[in-house]
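Each chain, written out:
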Amino acid sequence: MKPARTKTPRKLLVKKGSQTSLKDPVGVYCRVRPLSLPDQECCIEVINNTTVQLHTPEGYRLNRNGDYKETQYSFKQVFGTHTTQKELFDVVANPLVDDLIHGKNGLLFTYGVTGSGKTHTMTGSPGEGGLLPRCLDMIFNSIGTFQAKRYVFKSNDRNSMDIQCEVDALLERQKREAMPNPKTPSGKRQVDPEFADMINVQEFCKAEEVDEDSVYGVFVSYIEIYNNYIYDLLEEVPFDPIKPKPPQSKLLREDKNHNMYVAGCTEVEVKSTEEAFEVFWRGQKKRRIANTHLNRESSRSHSVFNIKLVQAPLDADGDNVLQEKEQITISQLSLVDLAGSERTNRTKAEGNRLREAGNINQSLMTLRTCMEVLRENQMYGTNKMVPYRDSKLTHLFKNYFDGEGKVRMIVCVNPKAEDYEESLQVMRFAEVTQEVEVARPVDRAICGLTPGRRYRNQARGGPVGDEPLVTEVVLQSFPPLPSCELLDINDEQTLPRLIEALEKRHHLRQMMIEEFHKQSITFKALLQEFDNTVLNKENYIQGKLNEKEKVISGQKLEIERLEKKNKTLEYKIEILEKTTTIYEEDKRTLQQELEAQNQKLQRQFSDKRRLEARLQGMVTETTMKWEKECERRVAAKQLEMQNKLWVKDEKLKQLKAIVTEPKAEKPERPSRERDREKVTQRAVSPSPVPNAPPIRLRHRRSRSAGDRWVDHKPASNVQTETVMQPHVPHAITVSVANEKALAKCEKYMLTHQELASDGEIETKLIKGDVYKTRGGGQSVQFTDIETLKQESPTGRKRRSSSAAPAQPDGTESEWTDVETRVGCSVAVEMRAGSQLGPGYQHHAQPKRKKP
């Protein structure tokens, strides 16, 4: 009789404390593919097993001085060009598969530019299987003998698993086998020669400490993310030659444990490496690839191959699977082959290829942004929102970065010089990713049943009720009883035979009792000895335990002391870091101030030198100007004195002629033409100054009627009501001479008024030419002076000489009306707004000179 099923023990709760607080950084590895051609230029060099160095190739001079820039990047481990797939698997993927079998999740993805070897690393090539077939081979090597029968586990649409009993599973198998085109591949099929060399892994690999009291089931699914849409590569779509139906995109959902999954995704149960890889190969043929300028078979989508391992314990008898859904453990390993980041100007992409490249780069940029935000939140304690939902790729795997499993990344790089800029961006992303920490996954709870149930049931060979009893064995050892039937009253043989048999049995019984007593005494002695041995061992163990407890107590105290010391040192380090930060900021501030002061001093020094040069020029210019002015004044004074002497000489001659001539009628005043003729005739007489330079007669009309004039009329001038008024066309009339007006004109005229000796207003028009000076100003060279004088006809006329003596006969000397026009050839250099030089003062306010 089969015993009743025992009650399932209560599931133990795992306390979330120290384990959840532990974090591990994302494991980032680097793999360098070999060059396609031996004579290609290489820009990546492997320094050691953890460091690579990028150096600028020919033609990429990044620094201003033209030097080549070299940058080193560190990884958890670097795999060179001669690394085999087995070496890469043992370091990167083997720990993830071991965690998968022990109920923990894992994520492994390859990242790099187009043509860097990502698909080769993940899938492999004929004769050299990649990470994916090796992971499958290790899983089935580990759980091969412990697999549940097909359809015992059944997936549902809620990212969980249901358990079926043996009968339901058998009916399900028969139903599926009767279908014409079974979805699940059969293990009896011949392996497709197209990928037979990829899954033929020579090295045997197996996980350690596999739970033998559980049964396992393996489910695989294969999806791709194309243009930010999710498609199921294992979905069976009925073929319609008339109107083919395009594949339908899938949606992301969140299960009751807040894990993300693809709703409606096909999950296939597989029982061997061949079956699993056949499913993968079927989906791989549907994956979108295209021929680009950089890669003949470039992946145009991100592919995700999920391996889901379902584990359930056996019941207490070790015969069947425990029919409780809460005891199921589901772990998942996601192998992601990311599409390569690329620049469209290199791939020559157009149309759909250009749109695909844009979506690929956008999803990879979102992944990079998520890594940067995670790193910033962890390093600086901020709480920024991580933009997982900006891309389907990051939204699908957000649980891994929140602590649902280990995360590993293989950075594939191509060392050729043409990929230098893309490889530089990949290295920077890898550097950021290494600094992101992911919470360590929690160990799964133990079901609590007695271990070794499976093999104990096999050793029994059947139920406990079928075993023979000890009494039956003992009774079979006794001699059989003879027939006890008495048919004749005179039978004297039956009773003696029966008595003899009973005596033998009694004798045998006595012997067995004696043997039993002897054995029981021996067994008691052995038990006593065993008890003594156990007691001694217990005492010894207790003593050792006490010693160990003392050691542990001492170690705990030491640990507490070290923890306190560690906290103190961490506090001191934090203070020193803050102090260092303050000092560095002060240093930067002082350096900036020093640089600013140096720049200010340099500017002041430059201004000083410029000012010195300018002052030197001004001194030289002023010296030359006043030297010329002194020479001009001396020459003018000499000329004036000569003219005065000559005029006096002429007056003396006229006076002498008047005195010596006889008195006659008062002559009529000659006209101006006759005066001029007389003057001209008198001018023939020799000049009292023989060395005086001849006066050049000037044409009194304006020589530049078309030039522009500056008509300088001071505000203090008196308006005269004469008929003849000075009028200059194209003139700018100003009351104060300024630089702006002088810069626009070529001629200059100053209207100067003063009182003559007879009290009348005498107006002088001083004219000159405007020139630009070397110092940036304007100079005026005076060329002509016109004198306009107004006289009253009844007024007193001025004598020709105020110092002439009276005539002896009482007649007055001859009255003359003198009009002077004097030519001036002296040049005066001036700045706009300055005084016009010595000899002419006007009433305008002088403008301040510029330095």
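Residues numbered from 1 in each chain as written. Predicted model: local features only at pLDDT ≥ 70, side-chain atom pairs only at ≥ 80, totals over all residues. Heavy atoms only, no water.

Draft legend 1. Structural view of the overall build of the chain. Within the chain, the regular secondary structure consists of 17 helices and 29 strands. Burial statistics for the chain: of 851 residues in total, 35% are counted as buried. Considering only contacts in the chain between residues 6 or more positions apart, those separated by 24 or more positions represent 70%. Surface exposure of the chain reaches about 54500 Å², of which carbon and sulfur atoms provide 53%. (Helix = DSSP H or I, 4+ residues; strand = E, 2+ residues; numbered from the N terminus. Buried < 20%, exposed > 50% of the residue type's maximum accessible area, 1.4 Å probe, protein only. Contact = heavy atoms within 4.5 Å. Areas by Shrake-Rupley, 256 points an atom, 1.4 Å probe, with all protein chains shown as cover.)

Draft legend 2. Fine view of empty space enclosed by the protein. Using the criterion set out here, one finds six cavities of 30 Å³ or more in the structure. Lining the largest cavity are Leu107, Phe109, Val336, Leu338, Leu367, Leu393, Thr394, Phe397 and Phe401. Contributing elements (two or more residues each) for the lining of the largest cavity: strand S7 (105–112) and helix H10 (392–396). Residue classes in the lining of the largest cavity are distributed as eight nonpolar, one polar and no charged. (1 Å grid on protein atoms, 1.4 Å probe; cavity = no way out; pocket = protein on both sides within 12 Å on 5 of 7 lines; lining within 4 Å. Points joined across faces, edges and corners; volume = space filled by probe spheres on them. Nonpolar A, V, L, I, M, F, W, Y, C, P; charged D, E, K, R; others polar.)

Draft legend 3. Examining the environment of arginine 282 more closely. Its place among the elements puts arginine 282 in helix H7 (residues 273–284). With 48 residues separating them along the chain, arginine 282 and leucine 234 place their C-alpha atoms 7.3 Å apart.

Draft legend 4. Spotlight on the packing of aromatic side chains. For the coordinates displayed, the defined rule picks out nine aromatic pairs. Judged by centre distance (5.2 Å) and plane angle (50 degrees), the rings of phenylalanine 277 and phenylalanine 280 are tilted. Pair noted here: phenylalanine 277 and phenylalanine 280 are both in helix H7, with a separation of three residues, about one helical turn. Taking relative accessible area as the criterion, phenylalanine 277 reaches 0% and is therefore assigned buried. (Phe/Tyr/Trp six-rings, centres within 6.5 Å; stacked < 30°, edge-to-face > 60°.)

Draft legend 5. Main features of the pairing of strand S12 (residues 214–226). Most of S12 is tucked away: 13 of the 13 residues are buried. Along S12, one buried face is formed by Ser214, Tyr216, Val218, Val220, Tyr222, Glu224 and Tyr226 and the opposite face, lined by Val215, Gly217, Phe219, Ser221, Ile223 and Ile225, is buried too. Note: S12 against strand S17 (residues 268–270), three bridges, orientation antiparallel. Of the residues in S17, the one forming a bridge with valine 220 is valine 268. Pairing of S12 with strand S13 (residues 229–232) involves four bridges; the strand directions are antiparallel. Following the sheet pairing, isoleucine 225 is matched in S13 by isoleucine 230. Remark: two residues form the turn of the hairpin made by S12 and S13, two consecutive strands paired antiparallel; asparagine 227 in that turn has positive phi of roughly 55 degrees. (Pairing = 2+ DSSP bridges.)

Draft legend 6. Region of the structure containing the sheet that holds strand S4 (residues 51–55). Here three strands make up an open sheet; going across it, the order is S3-S4-S5 and the pairing antiparallel. The two strands at the open ends of the sheet, each matched to only one other strand, are strand S3 (44–48) and strand S5 (70–74). Ignoring which end each strand starts from, the neighbouring axes of this sheet average 25 degrees apart. With four bridges joining them, S3 and S4 adopt antiparallel strand pairing. Paired with valine 46 across the two strands is valine 52, which belongs to S4. Packing of helix H12 (residues 420–434) onto the sheet brings it into contact with S3, S4 and S5, and relative to S4 it is tilted by some 145 degrees. (Axes fitted to C-alpha atoms, helices over the stretch in contact; angles between N-to-C directions.)

Draft legend 7. Region of the structure containing the nonpolar core. By size, the foremost hydrophobic cluster in this structure holds 53 residues, and its most contacted members are Phe75, Phe397 and Met427. For phenylalanine 397, the residues in contact, after removing those within four places along its chain, are Leu107, Val304, Ser334 and Val336. Core analysis: the second largest hydrophobic core is formed by 46 residues, Ile101, Cys135, Cys205 and Cys412 among them. (Core = buried A, V, L, I, M, F, W, Y, C linked by side-chain atoms within 4.5 Å.)

Draft legend 8. Unusual backbone geometry, seen in detail. Despite not being glycine, asparagine 159 shows a phi value in the positive range, around 60 degrees. For asparagine 159, the position within the fold is in the loop between strand S10 (153–155) and strand S11 (161–163).

Draft legend 9. Summary view of the environment of aspartate 157. By secondary structure assignment, the location of aspartate 157 is in the loop between S10 and S11. Aspartate 157 sits 105 residues away from valine 262 along the chain, and the two C-alpha atoms are 9.2 Å apart.

Draft legend 10. Region of the structure containing the pairing of S13. With two bridges joining them, S13 and strand S14 (residues 249–250) adopt antiparallel strand pairing. Its bridge partner being in S14, tyrosine 231 is matched across the sheet by serine 249.

Draft legend 11. Representation of the pattern of salt bridges. Enumeration over the complete set of coordinates arrives at 27 salt bridges. Lysine 747 is the partner of aspartate 769 in a salt bridge, and the nearest nitrogen-oxygen pair spans 2.5 Å. Of this pair, aspartate 769 sits in strand S27 (residues 761–772) while lysine 747 sits in strand S26 (residues 747–755), and the two are 22 residues apart along the sequence. Overall, the relative accessible area of 11% leaves lysine 747 in the buried class. Close ionic contact of lysine 767 with glutamate 786 constitutes a salt bridge, the shortest N to O distance being 3.0 Å. In this pair, lysine 767 is assigned in strand S27 and glutamate 786 in strand S28 (residues 778–789), connecting sequence segments 19 residues apart. In this structure, lysine 767 and glutamate 786 share a single accessibility class: buried. Salt bridges linked by common partners bring Glu629, Arg632 and Arg633 together as one network. (Salt bridge = Lys/Arg side-chain N within 4 Å of Asp/Glu carboxyl O.)

Draft legend 12. Local environment of helix H2 (residues 85–101). Bending of H2 peaks at approximately 50 degrees at the position of alanine 93, with proline proline 95 no more than four residues after it. Positive backbone phi, at 90 degrees, marks glycine 103, one or two positions downstream of H2. (Bend = angle between axes of the 7 residues up to and from the residue.)

Draft legend 13. Quick look at a nonpolar patch on the surface. On the surface, a nonpolar cluster with roughly 290 Å² of combined accessible area is contributed by Phe523, Leu526 and Leu527. Checked against the element boundaries, phenylalanine 523 lands in helix H15 (residues 494–660). (Patch = residues over 30% accessible without salt bridge, like charges linked within 9 Å, V, L, I, M, F, W, Y side chains within 5 Å.)

Draft legend 14. Broad picture of the confidence of the model for the chain. On average, residues of the chain score 78 in pLDDT, and 75% of them are at 70 or above. Highest mean pLDDT in the chain belongs to strand S2 (residues 27–32) (95); lowest belongs to strand S29 (residues 821–823) (37). Predicted confidence for residues 1–20 stays below pLDDT 50, and this span has 26 contacts to residues more than four positions away or in other chains. Considering only residues more than four positions removed or in separate chains, one finds that residues 796–851, a stretch of pLDDT under 50, has 104 contacts. (pLDDT = per-residue confidence, 0-100.)

Draft legend 15. Geometry of the packing of H2 against helix H4 (residues 131–143). Two numbers describe how H2 lies on H4: the axes approach to 9 Å, and their chain directions differ by 45 degrees. As summarised for this structure, H2 and H4 are arranged oblique, according to the angle between their axes. Classified by chirality, the crossing of H4 by H2 is right-handed. Side by side, H2 and H4 meet where Gln85, Lys86, Leu88, Phe89, Ala93, Asn94, Val97, Asp98, Leu100 and Ile101 of the first sit next to Leu131, Arg134, Cys135, Met138, Ile139 and Ser142 of the second. Its residues placed into classes, the contact of H2 with H4 shows ten nonpolar, three polar and three charged. (Parallel < 35°, antiparallel > 145°, perpendicular 65-115°, else oblique. Left-handed = near helix turned anticlockwise from the far one by under 90°.)

Draft legend 16. Fine view of the environment of glutamine 781. One can find glutamine 781 in strand S28. Note: C-alpha distance between glutamine 781 and glycine 768 (13 residues apart in sequence) is 5.1 Å.

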